[in-house]
Amino acid sequence: MTDRWAVAVRAAHCLARDPLGLGGLHLRARAGDARDRLMRLLRDFLPDAARLHPEMGDEALFGGLDLSETLRTGRAVRRGGLLARAETLILPMAERARPALAARLGQALDGGAHALIALDEGAEPEERLAPALADRLAVTLDLEGLRAGDMPALAPLEGPAAEDPEDRLAALSVALGIASLRRAGLALRLARTSALIDGRDAPSEADLAFAVTCALAPHATQLPAPPAEEGAEDEPAPDEVPDPSPRQEALPDGDLLLEAALASLPPDLLERLASGPVPRASGMGAGAARKGNRRGRPLPPRPGRPDGRARIDLVATLRAAAPWQSLRGGGPGHPVQVRAQDIRLRRYETRSDRLVIFAVDASGSAAFARLAEVKGAVELLLGQAYARRDHVALVSFRGTGAELLLPPTRSLLRTRKELSGLPGGGGTPLAAGLRAALEQAVQARGRGMDPAVVLLTDGRPNVALSGDADRAAAIGDATAMARALRVSGVTALVIDAGNRPSPALRDLASEMGARCLPLPRADAARLERSVADALG
Amino acid sequence: MTAFPFTAIVGQDEMKTAMILTAVDPGIGGVLVFGDRGTGKSTAVRALSALLPPLEMVSGCPVNSARKADVPDWAGPVGETITRPTPVVDLPLGVTEDRVTGALDIERALTRGEKAFEPGLLARANRGYLYIDEINLLEDHIVDLLLDVAQSGENVVEREGLSIRHPARFVLVGSGNPEEGELRPQLLDRFGLSVEVTSPATVAERVAVLRRRDAFDRDRAAFAAAQAAEEEALRDRIVAARAALPRTAAPEGLLVDCATLCLALGADGLRGELTLLRAARALAAFEGGTPSREQLVRVAPMALRHRLRRDPLDEAGSTARISRALAEAFPEEVPA
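First, a word on scope: everything that follows refers to the structure included in this document. Small disclaimer: the values here were computed from a predicted structure and weren't measured.

1. Quick notes on the packing of aromatic side chains
All names here are of chain B.
Moving on, step 1. In total, this model carries four aromatic pairs over all chains according to the counting rule given.
Moving on, step 2. Look at Phe4 and Phe223: their rings are 5.5 Å apart centre to centre, the planes differ by 25°, and that puts the pair in the stacked class. Here Phe4, found in the segment before α1 (13-24), pairs with Phe223, found in helix α9 (residues 220-244); they are 219 residues apart in sequence, far enough to count as distant.
Moving on, step 3. What makes Phe4 buried here is its relative accessible area of 10%.
Moving on, step 4. Ring centres 4.8 Å apart and planes at 80° place the aromatic pair Trp74 and Phe117 in the edge-to-face group. Residue Trp74 is found in the loop between β2 (55-58) and β3 (81-84), and its partner Phe117 is found in strand β6 (residues 117-119); the two are separated by 43 residues along the sequence.

2. As for the sheet that holds strand β16 (residues 515-518) of chain A
All names here are of chain A.
Moving on, step 1. Pairing within the open sheet is mixed, and its six strands lie in the order β13-β12-β11-β14-β15-β16. Among the strands making up the open sheet, the edge pair consists of β13 (401-409) and β16. Each neighbouring strand pair of the sheet contributes to a mean axis angle of 20°, computed without reference to strand direction.
Moving on, step 2. With four bridges connecting them, strand β15 (residues 491-496) and β16 associate as parallel partners.

3. Here's the deal with the nonpolar core
Most often, soluble globular proteins keep nonpolar side chains buried together rather than apart.
Moving on, step 1. Judged by nonpolar contacts, the single largest core of 59 residues is most densely connected at Phe6, Met19, Leu21, Ile238, Leu261 and Leu276 of chain B.
Moving on, step 2. Two domains share this core, each providing at least three of its residues, namely domain 1 (6-197) and domain 2 (247-329) of chain B.
Moving on, step 3. Ignoring any residue separated from it by four or fewer positions in sequence, one finds Met19 of chain B in contact with Phe6, Val33, Ala44, Val45, Leu48, Tyr129 and Val173 of chain B.
Moving on, step 4. With 54 residues, the next largest nonpolar core counts Ala11, Leu143, Ala162 and Val174 of chain A among its residues.

4. What to know about the pattern of salt bridges
Moving on, step 1. Counted according to the given criterion, the structure contains 33 salt bridges over all chains.
Moving on, step 2. The shortest N-O distance in the salt bridge between Asp217 of chain B and Arg189 of chain A comes to 3.9 Å. Of this pair, Asp217 of chain B sits in helix α8 (residues 203-218) while Arg189 of chain A sits in helix α10 (residues 182-197), each in a different chain.
Moving on, step 3. Assessed through its relative accessible area of 27%, Asp217 of chain B is described here as partly exposed.

5. What to know about helix α21 (residues 503-512) of chain A
Residue and element names in this part refer to chain A.
Moving on, step 1. Considered for burial, the residues of α21 that qualify are Leu505, Leu508, Ala509 and Met512. Taken end-on, α21 shows its buried residues confined to a sector of 100°, consistent with a single buried face.
Moving on, step 2. As for α21, its buried residues are in contact with α19 (430-446), β14 (450-457), α20 (471-488), β15 and β16.
Moving on, step 3. Directly beyond the C-terminal end of α21, a positive phi value near 70° is found at Gly513.

6. Remarks on α1 of chain B
All names here are of chain B.
Moving on, step 1. Here α1 contains twelve residues, and its C-alpha end-to-end distance of 16 Å stays within 8% of the 16 Å for a straight helix at 1.5 Å per residue.
Moving on, step 2. Extensive coverage of α1 is indicated by the burial of nine of its twelve residues.
Moving on, step 3. For α1, every residue scored as buried is listed here: Met15, Lys16, Ala18, Met19, Ile20, Leu21, Thr22, Ala23 and Val24.

7. What to know about unusual backbone geometry
Residues and elements named next belong to chain B.
Moving on, step 1. Non-glycine residue Arg127 carries a positive phi angle of around 70°.
Moving on, step 2. With respect to the helices and strands, the residue Arg127 is situated in the loop between α5 (121-124) and β7 (129-132).
Moving on, step 3. On the basis of relative accessible area, Arg127 is assigned to the partly exposed category, the value being 30%.
Moving on, step 4. The backbone of Glu134 sits at a positive phi, close to 55°, despite the residue not being glycine.
Moving on, step 5. With respect to the helices and strands, the residue Glu134 is situated in the loop between β7 and α6 (140-152).
Moving on, step 6. Since its relative accessible area comes to 9%, Glu134 is described here as buried.

Conventions used here
Residues numbered from 1 in each chain as written. Chains lettered and ligands numbered in written order. Predicted model: local features only at pLDDT ≥ 70, side-chain atom pairs only at ≥ 80, totals over all residues. Heavy atoms only, no water. Phe/Tyr/Trp six-rings, centres within 6.5 Å; stacked < 30°, edge-to-face > 60°. Helix = DSSP H or I, 4+ residues; strand = E, 2+ residues; numbered from the N terminus. Buried < 20%, exposed > 50% of the residue type's maximum accessible area, 1.4 Å probe, protein only. Pairing = 2+ DSSP bridges. Axes fitted to C-alpha atoms, helices over the stretch in contact; angles between N-to-C directions. Core = buried A, V, L, I, M, F, W, Y, C linked by side-chain atoms within 4.5 Å. Domains from an automatic or database assignment. Contact = heavy atoms within 4.5 Å. Salt bridge = Lys/Arg side-chain N within 4 Å of Asp/Glu carboxyl O. Arc of directions from axis to C-beta. Expected span 1.5 Å × (residues − 1).

If you want it as structure tokens, here you go:
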């Protein structure tokens, strides 16, 4: 089963046979002929599939009050949502679905009465279907590079019944590093369905291989260990504790399933592994301005339909209805006549304050003059703080540790006073500086601010977190802290203040997920401009 | 629809224990379950409804009151007392504040001009469980609201001219994947117990999961029937433990142990000690006898793991720190 079109066609037939049991399809492909062709096939099988929209409101999905009808007839008219009407749902632009929608759909899938076809058009590796949904869909297909004209008809699979499908699928999912227990179950179900559409009772080896290609391999997070060589040296010493990880225990050399999995591993898996899983915190501390309908500074109300999220602005609604009362037969002595078009919704704008945390290298190696420039830049940034609502904090690191020179503040006067006494000299405890900055960032986030870290250094860490002057440990600690910063999702910017741009610092910046700006002769004004530009 | 039976869940003993402890003593507070996707978190919570002893409640009462006298005055006409499974209410992401707390019944306001209260999810969860999947992605103001109600046991609605309060005593169960975002320490601390679930690492265990799930999917009713005796036995034990709980007192020495352990770990606040003690008592009531140090050692990780100050560089995480502290404080109870 190496032909990807054949796999896709078989998967479509399986979905048609058992849509609810399989949960659905995660189709990763750009809009194009190949995708249209497969979707036409699926639509023939599942004619009443309903198309969703990623921004669809809860009312439309799950049903609710039909407002215009209710107001017209004067009694409550309920309208069922899409989920009540359609069994199979198609979600285009699935990579853009909000986590809330993904969660609701996941719940619906768990209910066992729906199947979902998620059309994922993500171009970047980060643009992906919400994992909560992807985990529940049995089939994952990638149509990249396939041409519509080549689509084959369904070819039956042959072969003897497979032995111990459960054990082998479970072993393979361990070997591929798949944490979710759902995947092996879905793969098993897919293999059975695949056998059924050919009219066989039990899945054959080929069915299993097909199921692994569609249901297990796309979820792999590691490459399976290579099959052990005959007589290799991995016989454990008698008194050694056996390795608890069950890597290959049920996978004989040359297993067909393993080969199927290897053949269909996502091509970018290696890259993803090399960079490591980089979880970017989302859903919290998104600090930019947001228009919402729950809290924040009130904005003028707008006409709209209640979608289950917004709240109705009663006064504005009545005001909108008022001029029409005599026409509609309302007015004194009669109940107020409200129509759907009168409804006004409340809107709010929230904007979290931003905190720029400067982590400044005040060691001997960082040119002494630069400290003065940084001081100037901080003051300039603060000068704009009133307009931009920025707070500023300053962490300096030198000698054996870091200290918080300036807690988050918007006070210009206080900053000047603290900055004038900023001392310099000593070793470069970069890790300690980053840790102090991270602590500030996490605290600021807890207070609802949106922190950003600006690291200003020449990038020669030589003091470890413990305070020892150990260059290797210092670099290791700094890298670890940079990763911690990245994981916490703090926006960061690294300014290389050395005379020549340092490659080590650029690597550190990429660990941090930050931009690295070499500014060899930074003066206060340029520094301020760069920071303002880079952080937006 | 038949839910997957609780007793058929393979492994995940810590999570199951935590759920049982809150069933024995709901006062322990909520349970936070963090771990990989597809490791049975939702399955365990949804299985609770079938597992737990059914409740007596007045039919038609929006807050599941046990007696007619407790039915709030804003509720409509109610019927007789009936027996219903313990409510387990799902709170989806993206839910509005109105849906959670309840709000003005727009339908009745528009059509009949009446000012009526439409109860929300908190009312429905009263005396039961409220389950939030992906709690770390839930919007902050909803989380704040939930924790506040979970602590006070009462939902107060003051909006749109309504002034209503109703009991909302429930066990909050939150689950999530830590890679997608953390919870604020203030929120972590409000949960009584916290467990970490991981996928079973052995093939044998995974095969067992696969077999049971497969058998369940093929014939749900038969699977549930085969598991019924085990469910019944566990239910009886929980009922017995609830009865035994008031009689289960902790010896003085155990209090000292609790304090010693929390001091050694530097856990914030006193909530850690209190929860630790309650959890040990609940475990003792469930297993019979008085709380012992061995039981304390078993519940310590789940009661304390989320209350430690975080160290961004400590890769080992809180669980390892607690095991270390346990091994130091009680060397004879902790197997090396």
